[in-house]
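Listed here are the chains, written in short residue letters.
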Amino acid sequence: MAKDHGAQIKNDDLYEKLRDEGASKEKAARIANAQANGSLDSGDGRLEDRTKADLYDEAREIGIEGRSKMDKDTLIEAIRKH
C-alpha cells in the first residue's frame, strides 16, 4: 500500500512509482494528479483530438519553452516529454 502523501497528491501509488523511476517531486505530483482527474493522455489519442490552442495553453501552464513557434505535432511531443 502506498504511503499517504497528503491531500495535494491525488494518486499516491502513481506518485511513488514515478519517484522510484527518478521523476522529481513536482513532475511526479503533476502526472499523478493529472491521471487522477482524467486529464492525462493515456495513449488513446486524446492529445491529438485537442486543438492547437488547447495544447498551447497546456504547454504554457507546464512551462514549455518555445511553444509559440511549435506546430500541433511538436506541442504534443513536448507535452508528452514534459
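Visitor: Hey, could you run me through the overall build of the protein in this one?
Guide: When helices and strands are tallied, the protein shows 5 helices and 0 strands. Taken from the N to the C terminus, the helices and strands of the protein come in the order α-α-α-α-α. Expressed as a percentage of the 82 residues in the protein, the buried residues total 32%. At a minimum sequence separation of 6, the contacts of the protein that also span at least 24 residues come to 23%.

Visitor: In this structure, what is going on with the nonpolar core? I would like to understand it.
Guide: A general feature of soluble globular proteins is that nonpolar side chains tend to end up buried together. Ranked by size, the top nonpolar core spans 10 residues in total: Leu47, Leu55, Ala59, Ile62, Ile64, Met70, Leu75, Ile76, Ala78 and Ile79. Looking at this core, the element that brings in the most residues is helix H5 (residues 72-81), giving 4 residues. If we ignore the near neighbours within four places in the chain, the residues touching Ile62 are Arg30, Ile79 and His82. In this structure, Ile9, Ala23, Ala29 and Ile31 belong to the second largest nonpolar core, which totals 9 residues.

Visitor: I tried to follow the environment of Ala36 on my own but got confused; where do I start?
Guide: Along the chain, Ala36 turns up in helix H2 (residues 25-37). In this structure, the C-alpha to C-alpha distance between Ala36 and Ile9, residues 27 residues apart in sequence, is 9.1 Å. With near-sequence residues (within four places) excluded, Ala36 lies in contact with Lys10 and Asn11.

Visitor: Looking at this structure, how should I read helix H1 (residues 12-20)?
Guide: Residues that lie three or four places apart on an α-helix share one face, since the helix turns once every 3.6 residues. Within H1 the residues assigned to the buried category are Asp12, Leu14, Tyr15 and Leu18. All buried residues of H1 lie within an arc of 165° about the axis, which places them on one face of the element. In this structure, H1 carries Asp13 and Asp20 as exposed residues pointing more than 90 degrees from its buried face. The N-cap residue of H1 is Asn11: its side-chain oxygen and the backbone nitrogen of Asp13 are 3.4 Å apart. One or two positions beyond H1, positive phi appears at Gly22, with a value near 105°.

The rules behind the values
Residues numbered from 1 in each chain as written. Predicted model: local features only at pLDDT ≥ 70, side-chain atom pairs only at ≥ 80, totals over all residues. Heavy atoms only, no water. Helix = DSSP H or I, 4+ residues; strand = E, 2+ residues; numbered from the N terminus. Buried < 20%, exposed > 50% of the residue type's maximum accessible area, 1.4 Å probe, protein only. Contact = heavy atoms within 4.5 Å. Core = buried A, V, L, I, M, F, W, Y, C linked by side-chain atoms within 4.5 Å. Arc of directions from axis to C-beta. Polar contact = N/O pair within 3.5 Å; in protein donor to acceptor, adjacent residues only side chain to side chain.

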